Amino acid sequence: MENRLTIKDIARLSGVGKSTVSRVLNNESGVSDRTRERVEAVMAQHGFSPSRSARAMRGQSDKVVAIIVTRLDSLSENLAVQTMLPAFYEQGYDPIMMESQFSPEKVVEHLAMLKRRNIDGVILFGFTGVTEAVLGDWHSTLVLMARDANGFASVCYDDTGAITQLMQRLFELGHRHISFLGVPPADVTTGQRRHDAYQAFCKRHKLTPVAALPGLAMKQGYDFASQVITPETTALICATDTLALGVSKYLQEQRIDNVQLASVGNTPLTKFLHPEIITVDPGYAEAGHRAAEQLIAQISGKGEPHQIVIPAILS
Ligand SMILES: O=P(O)(O)OC[C@H]1O[C@H](O[C@H]2O[C@H](CO)[C@@H](O)[C@H](O)[C@H]2O)[C@H](O)[C@@H](O)[C@@H]1O
């Protein structure tokens, strides 16, 4: 049917504002079930077909893939997304972005909506709580980032290798009092694995571990730096670049210039602001590109789900 109605018409016929119609089309929160049903009914009644981009959101006609990040402000996830997008565009896919905010419930909700919209495939940045049950029957058209799951394709980082390489470098530079600032062990990869690797290195080399595991936020790096910097400390490993940026501010304010910082990330922001920090690159850019290629291969029936591990490289 020729599409003559606009979003404005649908809004008028449904007795709501244009922004509400847009929220319904994009499956955003902030719309009651009743209103959503009314708007959807009006759209169905008039055979409403929105613009191309909105159609892409609805998976109705274009080749569409969804990328579900955990946080829109994550430096590391952005680096991976930056290399996914060109790979999808090149093959004629329209990517749409969504955010899970580390909530398994939101993932379930997003996947259900994407299934209803008949989307071609999904790249999902995984986290603790994203189990096989949450992933449901997406085996052939989903690629999981940073986590693995039985029967699903995944692109993972070498968390243990990243920390071990940093520890080895610091050890070779003569450091024997190396502290660690990380993420709680409930976070299996960035948290538990990176901390375990630090502990294991300390044990092998008879170093005394000094660690705090506050979380992923930059402010936590700033707030907890004082807990891990003792009078003996000569080096501090941060589990992420973001934590290291927080620590840097603390060191600057306290005029401490004899602690060597090291971190996992090698992000452009860290390299630009603090080239003195020793970093290890987990391979976010490569991971993004490989994930997009893997998903496209699966969608077109040319690839089976399998696990890819990206090696970490000391900068
Ligand atoms: O501060 P960021 O730039 O966001 O980097 C912090 C870490 O982010 C990623 O780990 C977190 O998100 C993962 C999903 O992308 C999730 O699986 C993990 O549990 C979270 O900690 C990234 O994988 C890490 O390499 C970054 O260090």
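Residues numbered from 1 in each chain as written. Predicted model: local features only at pLDDT ≥ 70, side-chain atom pairs only at ≥ 80, totals over all residues. Heavy atoms only, no water.

As recorded in an unreviewed UniProt entry, the chain goes by the name HTH-type transcriptional regulator TreR, listed as coming from Kluyvera sichuanensis.

(A) Looking closely at the environment of A41. Positionally, A41 belongs in helix α3 (residues 33-45). Judged by its relative accessible area of 42%, A41 falls in the partly exposed class. Remark: the alpha-carbon pair of A41 and S14, spanning 27 residues in sequence, is separated by 8.8 Å. (Helix = DSSP H or I, 4+ residues; strand = E, 2+ residues; numbered from the N terminus. Buried < 20%, exposed > 50% of the residue type's maximum accessible area, 1.4 Å probe, protein only.)

(B) Quick peek at the sheet that holds strand β1 (residues 64-69). Strands sit in the order β2-β1-β3-β4-β5-β11 across an open sheet of 6 strands; the sheet is parallel. Among the strands making up the open sheet, the edge pair consists of β2 (94-99) and β11 (307-310). Averaged over all adjacent pairs, the angle separating strand axes in this sheet is 15°, with direction ignored. Here β1 pairs with β2 via 6 bridges, running parallel. Following the sheet pairing, A66 is matched in β2 by I96. Seen against the sheet, helix α13 (residues 284-299) touches β1, β3 (121-125), β4 (142-145), β5 (153-157) and β11 and runs at an angle of roughly 165° to β4. (Pairing = 2+ DSSP bridges. Axes fitted to C-alpha atoms, helices over the stretch in contact; angles between N-to-C directions. Contact = heavy atoms within 4.5 Å.)

(C) Expanded view of the site of the ligand. Neighbouring the ligand are 20 residues; S74, E77, G126, D187 and T242 lie closest to it. A distance of 2.6 Å is found between an oxygen atom of the ligand and a side-chain nitrogen or oxygen belonging to T242. Measuring from an oxygen atom of the ligand, one finds a side-chain N or O atom of Y284 at 2.6 Å. Against a free-state accessible area of 550 Å², the protein chains account for coverage of 97% of the ligand. Those elements giving two or more residues to the shell around the ligand turn out to be α5 (75-90) and α9 (188-204). (Near = heavy atom within 4 Å. Polar contact = N/O pair within 3.5 Å; in protein donor to acceptor, adjacent residues only side chain to side chain. Areas by Shrake-Rupley, 256 points an atom, 1.4 Å probe, with all protein chains shown as cover.)

(D) Representation of the pattern of salt bridges within the structure. Taken as a whole and assessed by the stated rule, the structure comprises 9 salt bridges. Its salt-bridge partner being K219, residue D223 comes within 2.9 Å of it at the nearest N-O pair. You can see D223 and its partner K219 sitting in helix α10 (residues 218-228), 4 residues apart, about one turn around the helix. (Salt bridge = Lys/Arg side-chain N within 4 Å of Asp/Glu carboxyl O.)

(E) Inspection of the environment of V122 at higher detail. Summarising the element assignment, V122 is placed in strand β3. Spatially, the C-alpha atom of V122 lies 30 Å from that of I163, the residues being 41 residues apart in sequence. Excluding residues that lie within four positions of it along the chain, V122 makes contacts with A66, I68, L111, L114, W138, T141, L142, V143 and L295.

(F) View of the packing of aromatic side chains. All told, the structure shown has 5 aromatic pairs when counted by the stated rule. Their ring planes at 90° and their centres at 5.5 Å tell us that F102 and F127 sit as a pair that is edge-to-face. Taken together, the positions of F102 in the loop between β2 and α6 (104-116) and F127 in the loop between β3 and α7 (132-135) put the pair 25 residues apart, joining distant regions of the chain. Its relative accessible area of 33% is what places F102 among the partly exposed residues. Relative accessible area serves as the criterion here: at 4%, F127 is assigned to the buried category. Their ring planes at 70° and their centres at 5.8 Å tell us that F171 and F201 sit as a pair that is edge-to-face. With F171 in helix α8 (residues 159-172) and F201 in helix α9, the pair connects residues that are 30 residues apart, well separated along the chain. Among the residues examined, F171 registers a relative accessible area of 18% and is labelled buried. The cationic tip of K115 hangs over the ring face of W138; the distance from NZ or CZ to the ring centre is 4.3 Å. Taking the ring centre of F171 as reference, the NZ or CZ of R176 above it sits at 3.6 Å. (Phe/Tyr/Trp six-rings, centres within 6.5 Å; stacked < 30°, edge-to-face > 60°. Lys NZ or Arg CZ within 6 Å of the ring centre and 35° of its normal.)

(G) Structural detail: the packing of α8 against α9. At a minimum axis separation of 8 Å, α8 and α9 run at an interaxial angle of 40°. Pair α8 / α9 crosses with right-handed handedness. The segment α8 lies against α9, with D159, T160, I163, T164, M167, Q168 and F171 engaging T189, T190, R193, R194, A197, Y198, F201, C202 and R204. When its residues are assigned to classes, the contact of α8 with α9 shows 7 nonpolar, 5 polar and 4 charged. (Left-handed = near helix turned anticlockwise from the far one by under 90°. Nonpolar A, V, L, I, M, F, W, Y, C, P; charged D, E, K, R; others polar.)

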